[in-house]
Amino acid sequence: MNLKPLLAIVLSLAIAGCTSNRTDEILGSARVPVSVTDIAGNHSIFIASTRKRSDDPSRVFEGERSSTLNFARINVTVPREHKVGQIERRKRGKSDDPSKYFMASGAVGYDTGPQFSQALNADVAARGGRVMVFVHGYNTGFDAGVYRATQIAHDSGYPGTPVLFSWASGGSTTSYVYDKESASVARDQLEVTLRLLAQSGARRIDVVAHSMGTWVTMEALRQLAITGDRNLGGKLGDVVLASPDIDVDVFKSQMRRYGKPEKPFILLLSKDDRALRLSGMIAGSRPRVGDYADAGKELADYGVTVVDLSTAKGADSFNHTKFADNPVMVRMLGQRLREDDGFASDREITDRIRLVTRQAATGL
């Protein structure tokens, strides 16, 4: 057996992944006091997670799977000097300085679903009834998922309640198979989470999913469709699938089972996504939706609007997080999510998406 191709994939994955940050502490022990003028934003991130609670309170959740769905809320501040598209993280040895870095504090754990729902419902009501669920991808530690959810909510200007669905990613570049299996475990609990949000008083629930998280999302939506409640009682808003790490044929099967949505799903892809190219190699040279050149013409009939970001610049060398780290893209994504309620026509949505593509390609 020739092990060289497999070794090349493993070595490539060791520098790829959805994020370079390993699972680490999210709550620091000492914070530098700063003025309110040094803070650009203060966000409460509600969390539903299939991760095991950590014995280390600074980590909150680990990469191991939990047999139950766990809930929490974490407050995160964004520094005044923050640049759109970036996540300013404290490096080891540096002080916990909120004027320079994203800083998490005030983690609250909820022992039961009703306790979580009570706190969530109050926030949803205070923010006008909008909820955005972010589902992260492969190789994402809990801390990285919280900071990415915060960055998207902040940079997009999303007016509603941000909710992170944090499934049990190992947070390691060598845990691809573990993460795939964890994603399978998480789909039922994402369905539970979406139903809980629909009962929270929310009038609209938007979903933004990335990479392997798009598979978890599509499976949960597929299961909702099987039960006859695919739109969460009419509350499902935009579904944004960024860099989907899903086999093209699997995605088509999921969409057939879900049915053509009243409001087209938004699919963000890039043909230069090197992380998905590696994923395709692992899958036996099967194309992934997120870098599929023919996605536009093949998926339109399924109720999907494709945004090709191939010409847009990304901040990571693998071009896998353009939806969030390209300043123009994340701002335009926010404009799309802030649209008034009510379903626009396919043509109107397509025109907006084309505008997103042009600006994302030329905005840096």
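None of the values given here were measured: they were computed from a predicted structure. (Residues numbered from 1 in each chain as written. Predicted model: local features only at pLDDT ≥ 70, side-chain atom pairs only at ≥ 80, totals over all residues. Heavy atoms only, no water.)

A. Inspection of the side chain of Thr-161 at higher detail. Within the element layout of this structure, Thr-161 appears in strand 5 (residues 161-166). Classification of Thr-161 by relative accessible area gives buried; the value is 0%. In contact with Thr-161, other than residues within four places in its own chain, are Phe-46, Leu-120, Asp-123, Val-124, Arg-127, Arg-130, Val-131 and Met-132. (Helix = DSSP H or I, 4+ residues; strand = E, 2+ residues; numbered from the N terminus. Buried < 20%, exposed > 50% of the residue type's maximum accessible area, 1.4 Å probe, protein only. Contact = heavy atoms within 4.5 Å.)

B. Examining the packing of helix 3 (residues 142-156) against helix 10 (residues 327-337) more closely. Relative orientation of the contacting elements helix 3 and helix 10 amounts to 70°, with a least axis distance of 8 Å. Accordingly, the angle class assigned to the pair helix 3 and helix 10 is roughly perpendicular. Of the residues in helix 10, those in contact with Gln-151, Asp-155 and Ser-156 of helix 3 are Val-330, Arg-331 and Gly-334. Residue classes in the contact of helix 3 with helix 10 are distributed as one nonpolar, three polar and two charged. (Axes fitted to C-alpha atoms, helices over the stretch in contact; angles between N-to-C directions. Parallel < 35°, antiparallel > 145°, perpendicular 65-115°, else oblique. Nonpolar A, V, L, I, M, F, W, Y, C, P; charged D, E, K, R; others polar.)

C. Local environment of the nonpolar core. Val-133, Phe-165, Leu-194, Ile-205, Leu-221, Phe-251 and Phe-265 are the most contacted members of the largest nonpolar core, which has 53 residues in total. If we skip the residues at most four places from it in the chain, Ile-205 touches Val-131, Val-133, Leu-194, Leu-197, Ala-198, Leu-232, Lys-235, Leu-236, Gly-237 and Asp-238. In terms of nonpolar packing, the next biggest core, distinct from the first, is built from 35 residues, Val-60, Ala-104, Ala-149 and Val-307 among them. (Core = buried A, V, L, I, M, F, W, Y, C linked by side-chain atoms within 4.5 Å.)

D. View of the pairing of strand 4 (residues 130-135). Most of strand 4 is tucked away, with six of its six residues classed as buried. The alternating pattern of strand 4 places Arg-130, Met-132 and Phe-134 on one face and Val-131, Val-133 and Val-135 on the opposite face, and all of these are buried. Bridging between strand 4 and strand 6 (residues 204-210) involves six bridges; their strand directions are parallel. When the sheet's bridge partners are listed, Val-133 is paired in strand 6 with Val-207. Pairing between strand 4 and strand 5: five bridges, direction parallel. Bridge assignment links Met-132 to a residue of strand 5, and that residue is Pro-162. As a crossover connection, the stretch from strand 4 through helix 3 into strand 5 is right-handed. (Pairing = 2+ DSSP bridges. Right-handed = clockwise from strand over helix to strand, strands pointing away.)

E. View of unusual backbone geometry. Phi angles above zero are rare outside glycine, and Asn-139 is one such case at about 55°. In this structure, Leu-232 is a non-glycine residue whose phi angle is positive, near 55°. Residue placement: Leu-232 occurs in the loop between helix 5 (212-226) and strand 7 (236-242).

F. Highlighting the packing of aromatic side chains. Taken as a whole and judged by the stated rule, the model has seven aromatic pairs. Measuring from ring centre to ring centre gives 6.1 Å for Phe-102 and Tyr-147, while their planes differ by 85°; the resulting arrangement is edge-to-face. With Phe-102 in the loop between strand 2 (61-79) and strand 3 (103-110) and Tyr-147 in helix 3, the pair connects residues that are 45 residues apart, well separated along the chain. Of the two residues examined, Phe-102 and Tyr-147, each falls in the buried class. With 5.3 Å between their ring centres and 50° between their planes, Tyr-258 and Phe-265 make a pair best called tilted. Summarising the burial analysis for this pair, Tyr-258 and Phe-265 share the class buried. What links up through ring pairs into an aromatic cluster is the set Phe-46, Phe-71, Tyr-110 and Phe-116. (Phe/Tyr/Trp six-rings, centres within 6.5 Å; stacked < 30°, edge-to-face > 60°.)

G. Up close: helix 10. Where burial is concerned, most of helix 10 is hidden: nine out of the eleven residues are buried. Residues of helix 10 that are buried include every one of Pro-327, Val-328, Met-329, Val-330, Met-332, Leu-333, Gly-334, Arg-336 and Leu-337, and no others. The N-cap residue of helix 10 is Asn-326: its side-chain oxygen and the backbone nitrogen of Val-328 are 3.0 Å apart. (Polar contact = N/O pair within 3.5 Å; in protein donor to acceptor, adjacent residues only side chain to side chain.)

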